[in-house]
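Structural features, examined
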Amino acid sequence: MKTIRRLSAIIIGFVLFISGALKLMDPVGAGLVMDEYFSFLHLGFMGFASGFFGVVFALCETILGIALITGVWRKVVAFVSLCFLGLFTLLTAILWIFNPPMDCGCFGEAIKLTHAQSFIKNCILMALWALAFIPVREQEPTRKIKYLSFSIASISSCLFLLYSSFSIPLMDFTSLKTGTELYCEDNIDFEEVDDFTKLHELYPVLSISNVAGESVDSLVLSGNVLVASVHTPQKMSESKWAKLTSVLNMAHESGYSTILLAAATPEELETLVRDPELLSYSYFADRKDLLSLNRSNGGISFISDAQIIAKWSINRTPTKEKLTELTQINSTEALIAENNSSSLKMQAFLLYVFAVMLLL
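Quick summary incoming for the structure in this document.

Analysis parameters
- Residues numbered from 1 in each chain as written.
- Predicted model: local features only at pLDDT ≥ 70, side-chain atom pairs only at ≥ 80, totals over all residues.
- Heavy atoms only, no water.
- 1 Å grid on protein atoms, 1.4 Å probe; cavity = no way out; pocket = protein on both sides within 12 Å on 5 of 7 lines; lining within 4 Å.
- Points joined across faces, edges and corners; volume = space filled by probe spheres on them.
- Helix = DSSP H or I, 4+ residues; strand = E, 2+ residues; numbered from the N terminus.
- Nonpolar A, V, L, I, M, F, W, Y, C, P; charged D, E, K, R; others polar.
- Disulfide = S-S within 2.5 Å.
- Buried < 20%, exposed > 50% of the residue type's maximum accessible area, 1.4 Å probe, protein only.
- Axes fitted to C-alpha atoms, helices over the stretch in contact; angles between N-to-C directions.
- Left-handed = near helix turned anticlockwise from the far one by under 90°.
- Contact = heavy atoms within 4.5 Å.
- Pairing = 2+ DSSP bridges.
- Core = buried A, V, L, I, M, F, W, Y, C linked by side-chain atoms within 4.5 Å.

The gaps of empty space that remain are located by a probe, the size of a water molecule, rolled over the atoms. On inspection of all chains with the given rule, the structure shows one cavity of 30 Å³ or more. Lining the largest cavity are 16 residues, with Leu 22, Met 25, Asp 26, Gly 108 and Glu 109 positioned closest to its centre. Looking at the lining of the largest cavity, the elements that each hand over two or more residues are helix H1 (2–24) and helix H2 (27–40). Among the elements that take part in the lining of the largest cavity, H2 stands out by supplying three residues, more than any other. Partitioning the lining of the largest cavity into residue classes produces nine nonpolar, three polar and four charged.

What follows is the structure, given as structure tokens:
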């Protein structure tokens, strides 16, 4: 029975840790999920703090998962996890009943669950909680070394959040992730589309317009294109605008087509960008599209013959040598190299934390 109780707690902890870590990997996405919940619960006035609450909630979820896996402070953790799971179960039940057009965000962008699936998942976790903690007074004592493993894993998760806040997600699960082939709406055969709600999942489109409001989606459909995307122009500092200008000029000299995409009107952009050279690269796109293209506000994306090959954060833009290298190798090789590097970092982090929690 002791084994069943401990295993049940570890399973709950594993689910919470993975759910939280996937959101810590993508703080912007965590904020978007929280924003949807605020809208659904008619708390739109809280939207300004959705990013903060999204990250805090994800961090609490991650640390609670670590506590369950390591088995520290078992009675306190039993109470806190019951509150968390009870809240999740109630929310997913409400979502199932009202069926709003939103995702529960349980696992960020990585795994999409229907509202019914989310509710059933939480009911299973509640049943596991009962196996793990009832009766609460009969919890086994914790080995002292586990408090050390809890501390190391928690600090590592906080550092991982810090890294993610200044970077882009190590693994991209958005509709415009690396490897995606873009389409132009003019070239889509609408007779083949059965469900128009999934149109952009079947045919990913990056809708771009020029100053006159005309569609110019074809700008990213051929050749080597370097795209600088700004999803919240008002939060860009002058130094970041200058950095984007430098990167786009460097790419232009290396033979790339270069464009700046901003979620703004031409008039708004002119008040924010004082460099006429940067304005000459400017086009306009929807904020949601730009958030899918690159989570970084001022991110850089490399698109080759309509396929998204690589992405960089404004805090770690590509060098001229890197841009030159990308034009000299096969786009498939470049895509594999970029994806493998990021995926290995994420896998290494998860393996390290699990080793600390389970083996230490």
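Here the narrative resumes, following the displayed structure.
Per the stated rule, a full pass over the model turns up one disulfide. Shown here is the disulfide that connects Cys 104 with Cys 106, its sulfur atoms set 2.4 Å apart. Note on the Cys 104 and Cys 106 pair: the S-S dihedral is about -140°, so by sign convention the disulfide is left-handed. As far as the burial class goes, Cys 104 and Cys 106 line up, both buried. In this structure Cys 83 is a free cysteine whose sulfur lies 13 Å from that of Cys 60, the closest cysteine sulfur available. With no disulfide partner, Cys 158 has as its closest neighbouring cysteine sulfur the one in Cys 60, 9.8 Å distant.

Relative to each other, helix H3 (residues 50–70) and helix H13 (residues 331–359) sit at 40°, their axes nearing to 9 Å. Considering how the two elements wind past one another, H3 and H13 form a crossing that is right-handed. Listed contacts from H13 to Ile 66, Ile 69 and Thr 70 of H3 are Phe 354, Met 357 and Leu 358. Per-class residue counts for the contact of H3 with H13 are five nonpolar, one polar and no charged.

Taking strand neighbours across the sheet as the criterion, the five strands line up as E3-E2-E1-E4-E5 in an open arrangement whose pairing is mixed. Two strands bound the open sheet, and with one partner strand each, they are strand E3 (282–284) and strand E5 (307–312). Along the sheet, successive strands turn relative to each other by an average axial angle of 30°, direction set aside. Examined bridge by bridge, strand E4 (residues 299–304) and E5 share five bridges and lie antiparallel to one another. Residue pairing for E5: Ile 303 is matched across the bridge by Ile 308. Sitting on the sheet, H13 is in contact with E4 and E5, with an inclination near 40° to E5.

A few words on the nonpolar core. Counting 50 residues, the largest nonpolar core has Ile 12 and Phe 17 as the members making the most contacts within it. Among the elements of the structure, H1, H2, H3, helix H4 (74–98), helix H5 (115–133), helix H6 (145–165) and H13 are those that each provide at least two residues to this core. Apart from the residues within four sequence positions on either side, Phe 17 is in contact with Glu 61, Thr 62, Gly 65, Ile 66, Ile 69, Ser 157, Leu 350, Val 353 and Phe 354. Core analysis: the next-biggest nonpolar cluster, separate from the first, contains 28 residues, Leu 226, Leu 244, Tyr 256 and Ala 310 among them.

Next up on the list: unusual backbone geometry. Peptide bonds are, in most cases, trans, and in most cases residues other than glycine have a negative phi. Cis geometry is adopted by the peptide bond preceding Pro 135, which originates at Ile 134 and carries an omega value of -5°. Take Pro 135: it is sitting in the loop between H5 and H6. Positive phi, normally seen in glycine, also occurs at Asn 99, with a value near 50°. Mapped onto the elements, Asn 99 comes out in the loop between H4 and H5.

This part is about the pairing of E5. The buried count for E5 comes to six of six residues, which makes it a mostly enclosed element. Linking two consecutive strands that pair antiparallel, namely E4 and E5, is a turn of two residues; a positive phi of about 50° is found at Asp 305 within it.

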